[in-house]
Amino acid sequence: MLKSRVLTIAIAAVFFQAQVSQAQNSFFEVKEPPRAAEYIYRSSQKESLISVQLLGAVKNPGIYYIPPQTDLLKLVTLAGGAENADLTEVVVRKNDPSQKGVYELDLNKLMKSTSEVKPFKLAQDDFVYVPKKQPWISSDIAQSVTIVSLITSIILTSVLIEKNSD
């Protein structure tokens, strides 16, 4: 009886330590953020360019020097496309006095639209943010579920060992 309890506690301790170690490694994993850079796109040497900041879930975030009146879809394409992005809530902050304000755009609708819908043109010093997709379940909830399931499995294992040792 005493041997089975000691064995149960030892197995539970080893299992618990392995799970906690694995959870800590994944929870405290440090990832280097993508580095912003500057990119220049022009069709001729004498073409004037405007600067636009593009940040968020794109392959190459940074400051882009692009021809005036470049549209938003073209900018995202020049940035290498979106990576795990929520294209339904792209934010554009315009500094142009004629259109000043913050706009939330659905790029999926813009991509599917016909030629009668005007593309969203960018101007000097516009700021574009492409948000990441939110996971279905947050990492905090996932970690809590992992700990609860770990404790439950330890208790059930000890109960089974106790029951089968009699």
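Since we're looking at a predicted model, the values are computed, not measured. (Residues numbered from 1 in each chain as written. Predicted model: local features only at pLDDT ≥ 70, side-chain atom pairs only at ≥ 80, totals over all residues. Heavy atoms only, no water.)

Asks: Outline the side chain of Lys94, listing residues and values.
Replies: Tracing the backbone shows Lys94 in strand 4 (residues 90–94). Its relative accessible area of 1% is what places Lys94 among the buried residues. Looking at Lys94, its side chain comes within polar contact range of the side chain of Asp126, at 2.5 Å. Every residue in contact with Lys94, bar those within four places of it in the chain, is listed here: Gln99, Lys100, Gly101, Tyr103, Phe120, Lys121, Leu122, Ala123 and Asp126. (Helix = DSSP H or I, 4+ residues; strand = E, 2+ residues; numbered from the N terminus. Buried < 20%, exposed > 50% of the residue type's maximum accessible area, 1.4 Å probe, protein only. Polar contact = N/O pair within 3.5 Å; in protein donor to acceptor, adjacent residues only side chain to side chain. Contact = heavy atoms within 4.5 Å.)

Asks: Could you give an account of a nonpolar patch on the surface, with specific residues and numbers?
Replies: Residues Trp136, Ile137, Ile141 and Val145 make up a contiguous nonpolar surface patch of roughly 490 Å² in combined accessible area. With respect to the helices and strands, Ile137 occurs in the loop between strand 6 (126–130) and helix 4 (139–165). (Patch = residues over 30% accessible without salt bridge, like charges linked within 9 Å, V, L, I, M, F, W, Y side chains within 5 Å. Areas by Shrake-Rupley, 256 points an atom, 1.4 Å probe, with all protein chains shown as cover. Salt bridge = Lys/Arg side-chain N within 4 Å of Asp/Glu carboxyl O.)

Asks: Lay out the pattern of salt bridges in plain terms, naming residues and giving numbers.
Replies: Scanning the model with the defined rule gives 1 salt bridge in all. Close ionic contact of Asp126 with Lys94 constitutes a salt bridge, the shortest N to O distance being 2.5 Å. Remark: Lys94 occurs in strand 4 and Asp126 occurs in strand 6; sequence separation between them is 32 residues. In terms of burial, Asp126 and Lys94 fall into one category: buried.

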